Amino acid sequence: MNIVVCVKQVPDTSDPDTEVHIDGTGRGVDQSKFSFVINDADNYAVEEAILLKEKHGGEVTVVNIGGEAANQVIRMALAKGGDGAVRLDDESFVYSDVVATARLLKSAIKDLGCDLVLTGCMASDDGYGAVGIALAQMLEVPHAAYVKTVEVVDDKKLKVGRELEGGLLEMNEIEMPCLLAIQTGGNEPRYASFKGIREASKKEIKVMDLAATGLSADEVGESGSVAVMTQYSVPEVGDLAEMIEGDPAETSAKLANILKEKGLV
Amino acid sequence: MSFQLTEEQKMVRLMARDFAGKELEPMAAQRDKEEIFPMDVVKKMGELGLLGMMVPDEYGGAGAGAVSYCLALQEIAYACASTAVTMSVANLSTEPLLRFGDETQKTRYLLKLAQGELLGCFALTEPGAGSDPGSLSMSAEDKRDHYLINGTKVFITHGQYADVVNLIARTGPEKGSRGLSTFIVEKGTPGFSVGSREDKLGLRASNTVELLFSDCKVPKENLVGKPGAGFKIAMIALDSGRIGIASQALGITRACLDESIRYAKGRKQFGKAISSFEAIQWMIADMATGIEAANWLILSAAWRKDQGLPFTKEASMAKLFTSELANKSAYLALQIHGGYGYLKDFKVERLYRDARATTIYEGTSEIQRLVIARNLLKEHA
């Protein structure tokens, strides 16, 4: 079973020192102080791809859109068991929306002849949760989103469990080739092994620029997008929100009083 | 001259950071408080190859080299200094077998140590022999088909949990450092038992015990290297151990700096964040400058080891400088935190206690200076 897994590099928001500041353009955030990691859901997608490969054979190809810095997350996915990688990198790709992003991913995936495409169900930075679905439409394959369990029925069919509200698991059968947008928590992402790291550090990452994608400039980036992001803004503090200030001792005491007053504890 | 890490080294650091952030950091404070040795995490580290990082592929190790080892150990120490000393000693325990073991010993023990199936410890120090290991008195009498071992070892890191012990004992009548030999002793060997567990100031999630040997019969084939080579083997193992402890101290120092910056930016006095005061900025600048210097001292010693160059002096320099830096930085970090830093609720309180051991074990700062000076004077002889 040949699998493609799409990975995105995102700011590490688990780091308590991460501060988000809008940059001078108003259309981006200052990334200079971020450390970057693989998107959480994509990490589970990578693990799912490797588990399937270990059980059923085949190859796993890692696909990413990003600059050279994204090699870090690509190589880590290779170290965990990925076989090859493609990175889509061109200045013209900046400001691609869901549709343009899916179009770019399709250009890298369409000739790989894969049976299964895995993505994370949502990126932790922009939170669209739509690239996987748009990509499935463009590849003209069925899809399932928020997938937590994947079982191979036969060489044509998968049984997938989608996680709904309250943890309810909805079981579906889906024909391959297909696309699954993977939810977090369905497996336990492994750590890269030393052997994997050594091999991955030598593997080639194929880079595709605009010309290599076969797309035209008006199909990518802002001009290829249906939705154009115009401005970031910081939410204003509303009347109903009370910002508690002071030392940890003061803030915790104030918070405890509020919780008591409202009868919440 | 190149100041670049290789792709592989960067990935090892990232993997260790990922592991430390997920498996160690969340429970580090609680383990310290309750003196819990995290056997489950240590097991996982073994399976990943983190406990046999310098053992080559053919003996089941990671074959990652000393530079990668230092980077990984730093990340572990940043999250939990206790687990870092466990990692350091486990890696050190592979050195005698790797460098001096015969093929049978390597197959029997090294392979399993490198793959995390066995946990190794290193037993040199005795109640009367600390900085002067040449004065140790544990005896290993040659009884033709075995050695009969009697005596006590102290301050043995994870001695209670180790499956095999690298033991240095006296086999010959010669005085001082001559007449010592190294043995591999398996847990469960009759006559070998674990004594009292030490109640320490810091590194409380690492295990430190006495090992007792009373008419303990160790088979002849468990002698590592030649009889009388024990001191040399121990010193070579300690050279590697020292870059490990330097890396641990650097991890602690980096944690001190990050905790200080975070606190100083959040803490307001006189109407502004204390990070805006020059007095605080100077402390932060001193820590950061020290970290930069220590980093290159450690990497240079580790690089020399990977290149097969002598690195005894450099390892001692790295250990001396970084362990002293860790203590100064922990002092400054606690000072920046003021009264809160004195409370167990804040990480710096633990860092302050954990840093303290680094200028003492695996050679005190005074011994490091002695090693550095002797090597220098020899070079200029």
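Cut-off values and rules
- Residues numbered from 1 in each chain as written.
- Chains lettered and ligands numbered in written order.
- Predicted model: local features only at pLDDT ≥ 70, side-chain atom pairs only at ≥ 80, totals over all residues.
- Heavy atoms only, no water.
- Helix = DSSP H or I, 4+ residues; strand = E, 2+ residues; numbered from the N terminus.
- Rg over C-alpha atoms; globule rule 2.2 N^0.38 Å.
- Contact = heavy atoms within 4.5 Å.
- Areas by Shrake-Rupley, 256 points an atom, 1.4 Å probe, with all protein chains shown as cover.
- Lys, Arg positive; Asp, Glu negative; His and termini not counted.
- Charge placed at Lys NZ, Arg CZ, Asp CG, Glu CD.
- Buried area = accessible area lost by both parts, 1.4 Å probe.
- Salt bridge = Lys/Arg side-chain N within 4 Å of Asp/Glu carboxyl O.
- Polar contact = N/O pair within 3.5 Å; in protein donor to acceptor, adjacent residues only side chain to side chain.
- Nonpolar A, V, L, I, M, F, W, Y, C, P; charged D, E, K, R; others polar.
- Core = buried A, V, L, I, M, F, W, Y, C linked by side-chain atoms within 4.5 Å.
- Buried < 20%, exposed > 50% of the residue type's maximum accessible area, 1.4 Å probe, protein only.
- Domains from an automatic or database assignment.
- Phe/Tyr/Trp six-rings, centres within 6.5 Å; stacked < 30°, edge-to-face > 60°.
- Lys NZ or Arg CZ within 6 Å of the ring centre and 35° of its normal.
- Pairing = 2+ DSSP bridges.
- Axes fitted to C-alpha atoms, helices over the stretch in contact; angles between N-to-C directions.
- Disulfide = S-S within 2.5 Å.
- Parallel < 35°, antiparallel > 145°, perpendicular 65-115°, else oblique.

## Brief notes about the overall build of chain B
(1) Moving on: Scanning chain B from terminus to terminus reveals twelve helices and ten strands.
(2) Moving on: Over its C-alpha atoms chain B spans a radius of gyration of 21 Å, differing by no more than 12% from the 21 Å that the globule rule assigns to 381 residues.
(3) Moving on: Taking the intrachain contacts of chain B between residues at least 6 apart in sequence as the baseline, contacts between residues at least 24 apart amount to 74%.
(4) Moving on: About 16,200 Å² of surface is accessible on chain B, with carbon and sulfur atoms providing 55% of the total.
(5) Moving on: For chain B, the distance from the average position of its 46 positive side-chain charges to the average position of its 45 negative side-chain charges is 3 Å.

## Comments concerning the interface of chain A and chain B
How big an interface is tends to be expressed through the accessible area that disappears when the partners come together.
(1) Moving on: Residue-level contacts link 17 residues of chain A with 22 residues of chain B.
(2) Moving on: When chain A packs against chain B, the two sides together hide about 1,900 Å² of surface, and 60% of this comes from carbon and sulfur.
(3) Moving on: Counting the surface chain A buries against chain B, the share from its top three residues, Tyr191(A), Phe194(A) and Arg198(A), is 42%.
(4) Moving on: On inspection of chain A and its partner chain B, the count reaches four salt bridges.
(5) Moving on: Here Arg75(A) makes a salt bridge to Glu7(B), at a shortest N to O gap of 3.4 Å.
(6) Moving on: At the junction of chain A with chain B, the criterion picks out five residue pairs in polar contact (both at pLDDT 80 or more).
(7) Moving on: Those elements that provide at least two residues to the side of chain A that touches chain B are helix 2 (71-80) and helix 5 (194-200) of chain A.
(8) Moving on: Here the side of chain A that touches chain B is composed, by residue class, of nine nonpolar, three polar and five charged.

## Points about the nonpolar core
(1) Moving on: Formed by 112 residues in total, the largest nonpolar core has its most connected members in Leu158(A), Leu180(A), Leu50(B) and Met87(B).
(2) Moving on: The two domains that each donate at least three residues to this core are domain 1 (7-115) and domain 3 (232-379) of chain B.
(3) Moving on: Once residues within four sequence positions are removed from consideration, Leu180(A) is found in contact with Leu116(A), Val117(A), Leu118(A), Thr119(A), Ala144(A), Val147(A), Val150(A), Leu158(A), Val160(A) and Ile174(A).

## Side note on the packing of aromatic side chains
(1) Moving on: Tallied over the entire structure, the rule returns ten aromatic pairs over all chains.
(2) Moving on: Aromatic side chains Tyr340(B) and Phe346(B) sit 5.6 Å apart centroid to centroid with 45 degrees between the ring planes, which places their arrangement in the tilted category.
(3) Moving on: According to the relative accessible area criterion, Tyr340(B) is partly exposed, its value standing at 21%.
(4) Moving on: A connected cluster of aromatic rings, assembled from ring pairs, spans Tyr263(B), Tyr340(B) and Phe346(B).
(5) Moving on: The ring of Tyr95(A) is capped by Arg27(A), whose NZ or CZ atom sits 3.9 Å from the centre of that ring.
(6) Moving on: One residue, Lys220(B), lies across the ring of Tyr147(B), its end atom 5.3 Å from the ring centre.

## With respect to helix 11 (residues 347-356) of chain B
Residues and elements named next belong to chain B.
(1) Moving on: Within helix 11, eight of the ten residues are buried, which leaves it mostly tucked inside the rest of the structure.
(2) Moving on: Within helix 11, the full set of buried residues consists of Lys347, Val348, Glu349, Arg350, Leu351, Arg353, Asp354 and Ala355.
(3) Moving on: Here the buried face of helix 11 lies against helix 2 (28-34), helix 4 (65-79), helix 5 (81-92), helix 8 (230-266) and helix 10 (312-337).

## Regarding the pattern of salt bridges
Residues and elements named next belong to chain B.
(1) Moving on: Overall, the coordinates contain 39 salt bridges over all chains when judged by the stated rule.
(2) Moving on: Two residues, Glu23 and Lys44, come together in a salt bridge whose shortest N-O distance is 2.8 Å. With Glu23 in helix 1 (residues 7-24) and Lys44 in helix 3 (residues 39-48), this pair connects stretches of sequence that are 21 residues apart.
(3) Moving on: Residue classification places Glu23 among the buried positions, given a relative accessible area of 18%.
(4) Moving on: Residue Lys44 is classed as partly exposed on the basis of its relative accessible area, which comes to 33%.
(5) Moving on: Look at the salt bridges and you will find they share partners, linking Asp32, Lys344, Glu349 and Arg353 into a network.

## Details of the sheet that holds strand 11 (residues 205-208) of chain A
All names here are of chain A.
(1) Moving on: The strand order 9-8-7-10-6-1-4-5-11 describes an open sheet built from nine strands, whose pairing is mixed. Whereas interior strands pair on both sides, the edge strands pair on one side only; in this sheet they are strand 9 (169-175) and strand 11. Taken over all neighbouring pairs, the strand axes of this sheet differ in orientation by 35 degrees on average, direction set aside.
(2) Moving on: Where helix 3 (residues 98-109) meets the sheet, its contacts fall on strand 1 (3-6), strand 4 (60-65), strand 5 (84-88), strand 6 (116-120) and strand 11, and the angle it forms with strand 4 comes to roughly 145 degrees.

## Some thoughts on the state of the cysteines
(1) Moving on: Per the counting criterion, the structure on display carries zero disulfides over all chains.
(2) Moving on: A disulfide-free cysteine, Cys114(A) has its sulfur positioned 8.8 Å from the sulfur of Cys6(A), the nearest such atom.
(3) Moving on: For Cys114(A), a relative accessible area of 17% corresponds to the buried category.
(4) Moving on: There is no disulfide at Cys216(B), and the cysteine sulfur nearest it, in Cys121(B), is 13 Å away.

## Considering the domain arrangement of chain B
All names here are of chain B.
(1) Moving on: Split by domain assignment, chain B resolves into domain 1 (7-115), domain 2 (120-231) and domain 3 (232-379).
(2) Moving on: Using C-alpha coordinates to define each centre, domain 1 is positioned 20 Å away from domain 3.
(3) Moving on: A combined buried area of about 2,400 Å² lies between domain 1 and domain 3, and 61% of that area is made up of carbon and sulfur atoms.
(4) Moving on: For domain 1, the biggest contributors to the area lost against domain 3 are Gln74, Tyr78 and Phe100; these three give 27% of the whole.
(5) Moving on: The interface formed by domain 1 and domain 3 contains four salt bridges.
(6) Moving on: Across the salt bridge formed by Glu75 and Arg254, the nearest N and O atoms sit 3.4 Å from each other.

## What about unusual backbone geometry?
(1) Moving on: Along the chain, Met176(A) connects to Pro177(A) via a cis peptide bond; the corresponding omega equals -5 degrees.
(2) Moving on: Considering the arrangement of structural elements, one finds Pro177(A) in the loop between strand 9 and strand 10 (178-182).
(3) Moving on: Non-glycine residue Tyr146(A) carries a positive phi angle of around 55 degrees.
(4) Moving on: Counting through the fold element by element, Tyr146(A) comes out in strand 7 (residues 143-152).
(5) Moving on: Phi at Leu203(B) takes a positive value of approximately 50 degrees, unusual for a residue other than glycine.

## A look at the side chain of Ser316(B)
(1) Moving on: Structurally, Ser316(B) can be placed in helix 10.
(2) Moving on: When residues no more than four places from it in sequence are discounted, the contact partners of Ser316(B) are Arg242(B), Gln368(B), Val371(B) and Ile372(B).

## Considering the packing of helix 4 of chain B against helix 5 of chain B
Residue and element names in this part refer to chain B.
(1) Moving on: Taken N-terminus to C-terminus, the directions of helix 4 and helix 5 make an angle of 150 degrees; their axes are 6 Å apart at the nearest point. Accordingly, the angle class assigned to the pair helix 4 and helix 5 is roughly antiparallel. Together, Tyr69, Ala72, Leu73, Ile76, Ala77 and Ala79 of helix 4 and Ala81, Thr83, Ala84, Met87, Ser88 and Asn91 of helix 5 make up the contact between the two elements.
(2) Moving on: Residues of the contact of helix 4 with helix 5, tallied by class, amount to nine nonpolar, three polar and no charged.

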